[in-house]
Amino acid sequence: MKKIISLVLAVLCAISLVACGGGKSTNVLSKIKPSGEKVSIDQAGNYIIERQNAYLESDTAKLESLTEQWYKIDVKIVEESESEGTTREYNTKQSFKFSGVMGVTKSGRINMKLEFEVVSEGESKWNSHEEVAVMSQSVKGKIIAVDGVAYIEAKMTEEVDGEKSTEEIKVMQPVEDMDFDGFDDLVSEGFYGTEIFGALIEALGIDFSGEPIFYLDGDKVYAELKLEDADEYEAADAIFQFEVVYAEKSAIVNSVRFYGEVNAEGSDGMGGYSAENQVKLGLSISECEPQTVKAPNDDDYMWA
């Protein structure tokens, strides 16, 4: 769970960007339906390796000719939790939404346009009386990165029991100082062949060492892993799904989707404390046409 939260913070600083082109946004918080033929992990691996070998020459020529690569990225994370103790009850919900484009040049420079929204809502109540404390926080803004500089504009709103306050910021900083948490490597080095699976697992912090199932459907490879764990005090189950679509007659990845869901329950075993928690994470990355990114007027921005 901590890795997921750190991922959110990294994505907030790095990859969650505004729409590429005029297409509709993918519902990334929906489960992925597999299609095609169910195969073993070895069969899936061999299929991708054979594809790499078959198109190595043409893929290498294509990649070497590129001066920049652009990707549309859509990320959504929702976490809901409820807990009840002998003295107090809590209900919280946090959501993270990012959508946009990232461009990586051959020299490794990263340009981007992004919009993001982070919302946290919560209620708490002492069991000794009926009064409910209500709190909400939100951060909404955009990031533009061009020519090595990231421009960050955001509005932060907080409301506690009806009292509302807002703060607006405009800061800029070198792109190289931003924490990409592996996603820059993903789009610049790992968007190819079998490397895409390892790069995604590393960037998302997922333990994929169980017994995944695979499906093959033309240019599409689907993978799914289900996990369950329980003891006297805690129980958890999770599902992680990947859908990778390769370009026609190529091992270059055209698009990838990820869906993850983790459900957990816990208690102290004596009826004095219980908690339920659910996290859903959706990610979509796909190639798109090169974008033009223009720096804003920096008169109102301060160096972070």
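## Remarks on the overall build of the chain
- Secondary structure assignment for the chain yields five helices and 13 strands.
- Counting over 304 residues, the chain shows a buried share of 41%.
- Long-range contacts, defined as pairs at least 24 residues apart, comprise 66% of the intrachain contacts of the chain with a sequence gap of at least 6.
- For the chain, the computed accessible surface area is about 16700 Å², with 47% contributed by carbon and sulfur atoms.

## Considering the packing of aromatic side chains
- Per the counting criterion, the structure on display carries six aromatic pairs.
- Plain terms: the ring middles of Tyr 151 and Tyr 301 are 5.6 Å apart, the flat faces sit at 85° to each other, and that makes the pair edge-to-face. Here Tyr 151 is found in strand S6 (residues 149–160), whereas its partner Tyr 301 is found in the loop between strand S12 (273–288) and strand S13 (302–303), with 150 residues between them in sequence.
- Here Tyr 151 falls in the buried class, since its relative accessible area comes to 10%.

## Points about the nonpolar core
- Among the nonpolar cores identified, the biggest contains 48 residues, and Ile 196, Phe 197, Leu 204, Phe 242, Tyr 246, Phe 258 and Leu 283 are the most heavily contacted of them.
- In this structure, Tyr 151, Met 172, Cys 288 and Tyr 301 belong to the second largest nonpolar core, which totals ten residues.

## Let's talk about the confidence of the model for the chain
- Per-residue confidence for the chain gives a mean pLDDT of 84; residues scoring 70 or more make up 88%.
- Within the chain, no element has a lower average pLDDT than helix H1 (residues 2–14), which sits at 39, and none a higher one than strand S1 (residues 37–39), at 97.
- Confidence drops under pLDDT 50 across residues 1–25; counting only partners more than four residues distant or on other chains, this segment forms 79 contacts.

## Some words on helix H2 (residues 41–54)
- Compared with an ideal rise of 1.5 Å per residue, which puts 14 residues at 20 Å, H2 spans 20 Å between its outermost C-alpha atoms and is within 8% of the ideal.
- The set of residues buried in H2 consists of Ala 44, Ile 48, Arg 51 and Gln 52. With its buried residues spanning 105° around the axis, H2 presents them on a single face. Turned more than 90 degrees away from the buried face of H2 sit Asp 42, Glu 50, Asn 53 and Ala 54, all of them exposed.
- Against the buried residues of H2 lie S1, helix H3 (56–65), helix H5 (195–204), strand S8 (213–217), strand S9 (220–230) and strand S10 (234–246).

## What about the pairing of strand S2 (residues 68–85)?
- Sheet topology places S2 next to strand S3 (residues 88–105); 17 bridges connect them, and they run antiparallel. Bridged to Ile 73 within S3 is Gly 100.
- In textbook terms, the turn of a hairpin is the stretch between consecutive antiparallel strands, and for S2 and S3 this stretch comprises two residues.
- Here S2 runs beside S12; their pairing, made up of 16 bridges, is antiparallel. Paired with Trp 70 across the strands is Cys 288, a residue of S12.

## Structural notes on the environment of Ile 285
- With respect to the element layout, Ile 285 can be found in strand S12.
- Spatially, the C-alpha atom of Ile 285 lies 9.9 Å from that of Phe 191, the residues being 94 residues apart in sequence.

## Re the pattern of salt bridges
- Considering all chains together, one arrives at two salt bridges under this definition.
- In this structure, Arg 51 and Asp 219 form a salt bridge, with 2.6 Å as the shortest nitrogen-oxygen distance. Linking Arg 51 in helix H2 with Asp 219 in the loop between S8 and S9, this pair joins segments that are 168 residues apart in sequence.
- Relative accessible area serves as the criterion here: at 9%, Arg 51 is assigned to the buried category.
- Asp 300 serves as the salt-bridge partner of Lys 170, at 3.8 Å between the closest nitrogen and oxygen. Remark: Asp 300 occurs in the loop between S12 and S13 and Lys 170 occurs in strand S7 (residues 163–174); sequence separation between them is 130 residues.
- Here Asp 300 falls in the exposed class, since its relative accessible area comes to 55%.

## Quick look at the pairing of S6
- Pairing between strand S5 (residues 132–146) and S6: twelve bridges, direction antiparallel. Looking at S6, one finds that Ile 143 is bridged to Ile 152.
- A loop of two residues connects S5 with S6, the two strands running antiparallel in sequence, and Asp 147 in this loop sits at a positive phi of about 55°.
- Bridge count for S6 against S7 is twelve bridges, and the pairing is antiparallel. Looking at the pairing, Glu 159 lines up with Lys 164 of S7.
- Connecting S6 to the antiparallel partner S7 that follows it, the hairpin turn spans two residues, and Asp 161 within it adopts a positive phi of roughly 50°.

Criteria and thresholds
Residues numbered from 1 in each chain as written. Predicted model: local features only at pLDDT ≥ 70, side-chain atom pairs only at ≥ 80, totals over all residues. Heavy atoms only, no water. Helix = DSSP H or I, 4+ residues; strand = E, 2+ residues; numbered from the N terminus. Buried < 20%, exposed > 50% of the residue type's maximum accessible area, 1.4 Å probe, protein only. Contact = heavy atoms within 4.5 Å. Areas by Shrake-Rupley, 256 points an atom, 1.4 Å probe, with all protein chains shown as cover. Phe/Tyr/Trp six-rings, centres within 6.5 Å; stacked < 30°, edge-to-face > 60°. Core = buried A, V, L, I, M, F, W, Y, C linked by side-chain atoms within 4.5 Å. pLDDT = per-residue confidence, 0-100. Expected span 1.5 Å × (residues − 1). Arc of directions from axis to C-beta. Pairing = 2+ DSSP bridges. Salt bridge = Lys/Arg side-chain N within 4 Å of Asp/Glu carboxyl O.

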